[in-house]
Every structure is written in structure tokens, then in C-alpha cells.
Amino acid sequence: MTYRSPIDDIRFVLDHVVPFTRIAETERYAEATPDMVEAILTEAAKLCDTVVAPVNINGDKVPARLENGVVRTSPGFAEAFRAIAEGGWIGVASPQEHGGMGLPQTVNMAINDMLSGACLALQLNPLLTQGHIEALEHHASDEIKALYIPKLVSGEWSGTMNLTEPQAGSDVGALRTKAEPKGDGTYAITGQKIFITWGDSDVVENISHLVLARLPGAAAGTKGISLFIVPKYLPDANGKPGKANSLKVVSLEHKLGIHGSPTCVMSYEGATGWLVGEENKGMAAMFTMMNNARLGVGMQGVGVAEAACQKAVEYAQERNQMGVIANHPDVRRMLATMRAEVFAARAIGLACAVATDMHTATGADDWAARAAFLTPIAKAYGTDVGCMVSETAVQVHGGMGYIEETGVAQYYRDVRITPIYEGTNGIQAMDLVGRKMMDGGEMAYRVLEEIEDDAEAARAVLPELAGDVWSAAETLREATEWMVAQDMAERFAGAAPFLRAFARVLGAHYHLRAAVAEGGEGPRSKLARVYIRRLLPMYAAHLAEARDGSDGVMSLSPDDLAS
Ligand SMILES: Cc1cc2nc3c(=O)[nH]c(=O)nc-3n(C[C@H](O)[C@H](O)[C@H](O)COP(=O)(O)OP(=O)(O)OC[C@H]3O[C@@H](n4cnc5c(N)ncnc54)[C@H](O)[C@@H]3O)c2cc1C
């Protein structure tokens, strides 16, 4: 079976759960009417199902390879990439003045959900290019914007982000790449970057690298980092790719999954670059890109989970072992759990995107704070769901799941990177309980209030489920009060389970909304029941772990743990 874009589910979430209508009511996005969004999503779905999904397996079987210093991509990837570019899908949310569609991020994220389900390894290219464009929009000079953004939007060029170095992973502040002013307004960039996604390819004519580097005499740590744009080919007077820049791909990594996505070790050898934004403010500029990419990676988890879930449901209806396996309660449990998790993660991701758009459209700080608060949850939960669901999908297939020919194992391997890159899920959790709660938990309380108000209103239709959601929100409020009263060491020891608990309660909230919108009867209400009765209760265990503090785990030394 091939992948089918989950357009009905996405439409339902947009119409009834997050909801998208408030975006279309703003002046900025007045053109994004329901009809227009439906037409766009339908068109994108067609591309995903008929052009992108069929090449997914090629990426796995015939990985990208390095040939004489140039990356050769998997069969069919170049054609599928061109189709994505020519459809205008890279610039869905980019400004119209630069050739984009100027649509809300929410629409873009819904399309990213579908593109990731179709082919994660390929989708990474437009995803990173989109983040790259956004960083330039906010921080680059007008000349750089005019030169680069139209080429990136059209897909003639693609964009990368270069943070990681061997000694600088989560600790980006440890990076050593240097930038020396050349006296003519440009800089010579020297250093090695590792793990650079789509650092080179044969699907575009030029590649624009955003590189974090340190100017002479810059402070240590993140305060001394600046951002540079470093093209593979230096644009000539007409903006066409000219002389080759002094940079190269040293090697490609061999990976557990996403074999179709070239992961490059890059060497910059006095390469010519231009400063983006202010000196020593590179981290702030890069964060523009990373926030977009974090939500995008959360949606990658959702997309792959969707694809794996579809495969499992289909297989379970065909396989006969003492009857069709889909009819065995344990298998039905797995299928229902998968579908319920996918729904919750999709709703959280799209709710985060709605908050981003509402901030863009209204400028209101509350929306910005809400988007910032939801981003680590959307990233970590979306990608955890990607892993959990694809793992369960393998289980549903039994031995055939472990055998490569069904294709389900590819989802399991491919999606495993998503909790790691764009800030590991551990770093996301620390961001949630640290930076995102610097307001004393105010935004968390506002979200919880909304959940409780909704649950109160839902009591008339679904009293039991509404009661469960209300109680969970109340307990989570107490745990949040506890969390903000702790020092950082205590908070961090419980950060990951706290994030999971928050995601569970949010997921239950959105399921409840879906059930109410359906009138309390029907498949969405049944799915909500599964989530709220069977999966929501995990929040209590997560909170018990979160509130245990640091003593328990830190009292065990690495030596204790070694044996
Ligand atoms: C396939 C792939 C593609 C990638 N693409 C890109 C790319 O395009 N551009 C780019 O710049 N990078 C990219 N990366 C790098 C990626 O973002 C990093 O791997 C990631 O940020 C984690 O860094 P690390 O691998 O050094 O792990 P480490 O930082 O060594 O982390 C190891 C473990 O320690 C934990 N940890 C680390 N520090 C702390 C802390 N302070 N507190 C608590 N826990 C901590 C982490 O959560 C993790 O569990 C990619 C990586 C891969 C594998």
C-alpha cells in the first residue's frame, strides 16, 4: 500500500480543534479562507501521494552517495524535489514579494505533516530551506534578501543550517569555526561542521549555508557567536552561481535511517561569507530558524507516525492468524492507541502553528508566549509519538515487521533521528521548565485554565471524559506550582516527564474538543475515549517522576550504574 495524505483528519483538526478560523479572521491572512485552504491542501496531498511517497523506498535502498566531491541523491529524489519546488510548496509561508504564497505557517505545517509521511528524507530539504528563508527574512540585509530568498523560494537553490561541530553538539557555545573580516565587507570562514543535512546535492544549482562562527576576539560561549551566509557558488553580478567557494563535503555519514538525506561533514577553508544580522548576535538569528524547524520536526514525527499507522491498519486487516488479526483485542488496542496518539500530536503541533500565526497577524505578546511555550511540547511529543507509533506498527506486523520488505521498518529507523536533532528532546524539556517558565508559570496556567474551561463546557455532552480531563488539568496545575518553586537542578531532573505529562493533558483536551464537535458519538468520540481513559492516566505517573526531584537519580554515580 502506498501512503495516503490524511487530509480529512487535518481538515477536522483545523476546522474544529485548534481552530484555524480565527487566523482567517485576521486582516493579514484574510485570503486564507476555508475554501482556499482546502484547495491548497488537496493539491499538496496529490503531490505527496503520487509523486513524493513513491520515492521514499528508493532513499532507503539506494542512499545518497559522495562521488568526486559531489553528492548524488537517491533515484527519483531530484524529480520529486523539482515537483515540490515547481508546485510552490517551499514558499507556502514565505512573503509574496519574494515569490512565496504568503500563507499562514499552519497551512505550511499541515503540508509538512503530509510531506514527511510521504518521504521524510526528502522533506528535510524543503524544511531546512524554509527555516533558512525565515532567518534571512528577519535578520539579513535587504541586498542578501533580494538575492537569496527568491532563489530559495523557487527551489533553484536550497538552504542548510550549520551549527554542529565535533565538540559542539547540544553545547553550541563550544563551537570553534572562525570568521575573519577580509576588509571588503566579507568574511573568511574556516572550520569543520558535522552532521549537516543536505549539505550538498545534485537537485539544486546552488546551496546557501547559514554558518555559525566566531569573530576574532569574540566572547566565549554563545555570546560570541555570529551568523554568516556562505554559498556553495559565489553569486556573480547577475546573481547566478559563479566561482566555487572554498568549502567542500568531506564525507557522508552512515546512518540508522533517512538514508536518502545526505548528512555531510563540511569543511570551510577560508570560504567567503557575509554577516547576517549583528556581530555576536548569531544565536538569536539562528533561533528564528530553529523555532520554525523545531515545530517542523515535531510535525515530521506526526507525519511518519501517520504513515506507519496506515500501514499497520492495512496489514492487520489482511493478515489471518486465528482470524483476521485486526479483530484480536490486543491488536485492536495497538491500532487504536496509534491512531489516538497521532491525532493528539497533530493537534498539539497545529495549535502551536496557530499561535505562531496569530502572533504574526496581531503582534500580541500573549500569542508569542503561547507559541514559545507550545514549541518544545510539540517538538518532543510529536517526535516521541513518531517513535512509539512506528515501533508499534512494526509489532502489529509481527515477524514481517522486522523484515524489510513490508517497508514498515523504514519508518521506525527513519523517525528515530527526530527526537535527537533540532535540540534533543531532553533539551526541549529543559527549555520548557526553564526558559518557558521564567514567567513564573503564567503561560502554563493560562493554557491550563483554557483546558479547564473547555472541560467544564464539555460536561453537558460527555460528563465522564470531561471530568477526567478537568481533574488532570487541576493536578497538573499543582505540579506546575511545585515545578516553578524549584531551583533549576530540581526542575531539570523532572523536565522530561513533566513535558510528557503536559503533552498528555493537552492531547486529552484536543481529543475532548473533537468529541464535542462530533456531538459525543461517532469514531472521533470513540477515539477520544480511548485516549482519555487509557492514555491520559499516564500523566499521573509522569508527574510522580517529575516531582521526585534530583536526589534519587543523582545519588547513583556513573560507577554505580556501570555495574
Ligand atoms: C542525521 C542528523 C542530521 C543532523 N542535521 C544537522 C544539521 O543540519 N545542522 C546541524 O547543525 N546539526 C545537525 N545535526 C546535529 C544534531 O542537531 C545534534 O546531533 C544534536 O543537537 C545533539 O548533539 P550531539 O549529537 O552532540 O549530542 P550531545 O549534545 O552529545 O548529547 C548527548 C546526550 O546528552 C544530553 N545532553 C547534552 N547536553 C545536555 C545538558 N546540558 N543537559 C542535559 N542533557 C544534555 C542530550 O540530550 C543527549 O541525550 C544532525 C544530526 C544528525 C544525526
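(A) Layout of the site of the ligand. The environment of the ligand is formed by 18 residues, the closest being T164, S170, F195, T197 and T424. Within the contact set of the ligand, an oxygen atom lies 2.6 Å away from a side-chain nitrogen or oxygen of S170. Interatomic distance of 2.7 Å between a side-chain N/O atom of T197 and a nitrogen atom of the ligand. Taken by itself the ligand offers 970 Å² of open surface, and the protein chains cover 62% of this. A majority-of-atoms criterion places the ligand in the largest pocket. The greatest single-element share of the shell around the ligand, amounting to three residues, is contributed by strand β5 (residues 187-197). Here the shell around the ligand is composed, by residue class, of nine nonpolar, seven polar and two charged.

(B) Broad picture of empty space enclosed by the protein. All chains considered together, the criterion is met by one cavity of 30 Å³ or more. Approximately 70 Å³ is the volume found for the largest cavity. Looking at the lining of the largest cavity element by element, the count peaks at three residues for helix α1 (residues 7-17). Within the lining of the largest cavity, the residues separate by chemical class into five nonpolar, one polar and two charged.

(C) Summary view of the layout of surface pockets. In this model, the largest pocket occupies a volume close to 1,300 Å³. Contributing to the lining of the largest pocket are 49 residues, with T164, I420, Y421, E422 and G423 lying nearest its centre. Looking at the lining of the largest pocket, the elements that each hand over two or more residues are α7 (120-139), β5, α9 (282-318), α13 (408-415) and α14 (425-433). For the lining of the largest pocket, the element with the most residues is α9, which contributes eight residues. Taken together, the residues of the lining of the largest pocket break down into 23 nonpolar, 14 polar and twelve charged. By volume, the second largest pocket is sized at about 970 Å³.

About the criteria used
Residues numbered from 1 in each chain as written. Predicted model: local features only at pLDDT ≥ 70, side-chain atom pairs only at ≥ 80, totals over all residues. Heavy atoms only, no water. Near = heavy atom within 4 Å. Polar contact = N/O pair within 3.5 Å; in protein donor to acceptor, adjacent residues only side chain to side chain. Areas by Shrake-Rupley, 256 points an atom, 1.4 Å probe, with all protein chains shown as cover. 1 Å grid on protein atoms, 1.4 Å probe; cavity = no way out; pocket = protein on both sides within 12 Å on 5 of 7 lines; lining within 4 Å. Sits in = over half its atoms within 2 Å of the grid points. Helix = DSSP H or I, 4+ residues; strand = E, 2+ residues; numbered from the N terminus. Nonpolar A, V, L, I, M, F, W, Y, C, P; charged D, E, K, R; others polar. Points joined across faces, edges and corners; volume = space filled by probe spheres on them.

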